[in-house]
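# A closer look at the structure
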Amino acid sequence: MKIDRNKLNTLLRSGINPEIETRKQLAVYLGLDATSLTRWFATRDRLGNPRHPVVPDRHVTKILALFDITAQCFSLNDEEFRQHCFELSLLRTKADSDNQD
């Protein structure tokens, strides 16, 4: 399972986790410098070698936990993933507002 730039951006914009809506905020939760996240999506590493621009595997589990989502949703195409994220965000927002009443 790979998290590419489009899916990570969709995840951040969806509001699933309202405390994490930017790469900078995500970097804080992961204990990284914000420039590390930018480097994930570079097409070449620091030595100029080609690389596949995805979130490194060692951070995927943490991201899944932070957003409380399953790995299977990343197998959806970009549009299906976007729809899934925003529907999930709406459900959680509704559940939160129902719990506050």
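What you see is a predicted model, and the numbers here were worked out from it, not measured in a lab.

## Concerning the overall build of the protein chain
- Secondary structure summary: the protein chain contains five helices and zero strands in total.
- Ordered by position from the N terminus, the helices and strands of the protein chain form the series α-α-α-α-α.
- On the principal axes, the C-alpha backbone points of the protein chain span a range of 55 × 30 × 20 Å.
- Sorting the 101 residues of the protein chain into buried and exposed places 34% on the buried side.
- Summing over all exposed atoms, the protein chain offers an accessible surface of approximately 6,600 Å²; the carbon and sulfur share of this is 51%.

## Quick look at the nonpolar core
- One finds Leu11, Leu26, Ile63, Phe67 and Ile69 to be the most contacted residues of the largest nonpolar core, which totals 23 residues.
- For this core, the elements supplying multiple residues, two or more each, are α1 (5-14), α2 (23-30), α3 (34-40), α4 (57-67) and α5 (78-100).
- Setting aside residues no more than four positions away along its own chain, Leu26 makes contact with Leu8, Leu12, Ile20, Leu37, Ile63, Leu66 and Phe67.

## Digging into α4
- For α4, the full list of buried residues reads His59, Val60, Ile63, Leu64 and Phe67. Buried residues along α4 cover an arc of 145° about the axis, so they all sit on one side. Facing away from the buried surface of α4 by more than 90 degrees, the exposed residues are Arg58, Thr61 and Ala65.
- In the stretch just after α4, Asp68 is the one whose phi turns positive, near 50°.

## A word on the side chain of Thr10
- Looking at where Thr10 falls in the secondary structure, it is placed in helix α1.
- A relative accessible area of 9% means that Thr10 is categorised as buried.
- Beyond its immediate sequence surroundings of up to four residues, Thr10 is in contact with Phe81, Arg82, Cys85 and Phe86.

## Observations concerning the pattern of salt bridges
- In this structure the tally under the stated criterion is two salt bridges.
- Note that Lys2 is salt-bridged to Asp57, the shortest N-O span being 3.6 Å. Remark: Asp57 occurs in helix α4 and Lys2 occurs in the segment before α1; sequence separation between them is 55 residues.
- Close ionic contact of Arg92 with Asp68 constitutes a salt bridge, the shortest N to O distance being 3.7 Å. One end of the pair, Arg92, is in helix α5; the other, Asp68, is in the loop between α4 and α5, with 24 residues separating them in the sequence.
- According to the relative accessible area criterion, Asp68 is exposed, its value standing at 56%.

What counts as what
- Residues numbered from 1 in each chain as written.
- Predicted model: local features only at pLDDT ≥ 70, side-chain atom pairs only at ≥ 80, totals over all residues.
- Heavy atoms only, no water.
- Helix = DSSP H or I, 4+ residues; strand = E, 2+ residues; numbered from the N terminus.
- Buried < 20%, exposed > 50% of the residue type's maximum accessible area, 1.4 Å probe, protein only.
- Areas by Shrake-Rupley, 256 points an atom, 1.4 Å probe, with all protein chains shown as cover.
- Core = buried A, V, L, I, M, F, W, Y, C linked by side-chain atoms within 4.5 Å.
- Contact = heavy atoms within 4.5 Å.
- Arc of directions from axis to C-beta.
- Salt bridge = Lys/Arg side-chain N within 4 Å of Asp/Glu carboxyl O.

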